[in-house]
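# Residue-level structure breakdown
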Amino acid sequence: MQDTSRTLNCQSTLFYRLSTLVVVALLPVGCGPSYPTCYPVSGKVTFNGEPVTQGTVTFYPADGRSAIGKIQPDGSYSLTTFETGDGALAGNHAVTIKATTVSGPAAPSSFEDELSQANSSAPAGEATVTWLVPERLSRRESSDLTATVAKESNQIDFNIVLP
């Protein structure tokens, strides 16, 4: 009976040691994806001294994933690359700003209104797009905006001025 007790005790100890070894070996693997390091980037977008109230700011690095931020009503933005608010990759970036408003006839309030408008001979009117910043800034190939993201928290403002 004593040999059986020793055998079970040795097996329990061996199981415990192997389990611990497996857990320790798997710890470096972690849970979830591993992303390159990003650095916080926030700022404000103004046009002729006034806050731009909506739109997006996009940072394009030479290599890697771009970062994008939604412009808030006060003109502020905060960039996201992989996870909300994580910032952007360090280095030099080409930057675009797309900010528009769309105005025109009101959208139909029901399916019946939409059918009525579609069957009507009267023109429904056209939507009008108004650029809140120069349109050329919305395209990477025509925007002259650039920014450098440092390996720290970054405040990068864009003060766009036209004569």
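Check the entry above for the structure.
Here's what I pulled together on the structure shown here.

Calculation criteria
Residues numbered from 1 in each chain as written. Predicted model: local features only at pLDDT ≥ 70, side-chain atom pairs only at ≥ 80, totals over all residues. Heavy atoms only, no water. Helix = DSSP H or I, 4+ residues; strand = E, 2+ residues; numbered from the N terminus. Buried < 20%, exposed > 50% of the residue type's maximum accessible area, 1.4 Å probe, protein only. Contact = heavy atoms within 4.5 Å. Core = buried A, V, L, I, M, F, W, Y, C linked by side-chain atoms within 4.5 Å. Salt bridge = Lys/Arg side-chain N within 4 Å of Asp/Glu carboxyl O. Polar contact = N/O pair within 3.5 Å; in protein donor to acceptor, adjacent residues only side chain to side chain. Pairing = 2+ DSSP bridges.

### Details of the overall build of the chain
- Broken down by element type, the chain carries two helices and 13 strands.
- Burial status across the chain gives 24% buried among its 163 residues.
- Long-range pairs, those at least 24 residues apart, make up 65% of the contacts in the chain with a sequence separation of at least 6.

### Overview of the nonpolar core
- Of all hydrophobic cores here, the largest spans 22 residues; its most connected members are Val-45, Val-57, Phe-59, Tyr-77, Ile-97 and Phe-158.
- Listing elements by their share of this core, those giving two or more residues are strand E2 (41–47), strand E4 (56–61), strand E8 (91–98), strand E11 (145–149) and strand E13 (158–160).

### Points about the pattern of salt bridges
- Taken as a whole and assessed by the stated rule, the structure comprises two salt bridges.
- Of the charged contacts in the structure, one is a salt bridge between Asp-144 and Arg-136, with a shortest N-O distance of 3.2 Å.
- Judged by its relative accessible area of 35%, Arg-136 falls in the partly exposed class.

### Considering the side chain of Ser-143
- Position of Ser-143 among the secondary structure elements: in the loop between strand E10 (128–131) and E11.
- At a separation of 2.7 Å, a polar atom in the side chain of Ser-143 contacts the main-chain carbonyl oxygen of Val-95.
- The contacts of Ser-143, once residues within four sequence positions are left out, are Val-95, Thr-96, Arg-136 and Leu-137.

### Comments concerning the pairing of E2
- Strand direction decides the pairing type here: E2 and strand E12 (residues 154–155), joined by two bridges, are parallel. Residue pairing in the sheet places Val-41 in a bridge with Asn-154 of E12.
- As paired strands, E2 and strand E6 (residues 76–78) are joined by three bridges and run antiparallel to one another. Opposite Gly-43, over in E6, you have Tyr-77 as the bridge partner.
- With three bridges joining them, E2 and E13 adopt parallel strand pairing. The residue of E13 that forms the bridge with Phe-47 is Ile-160.

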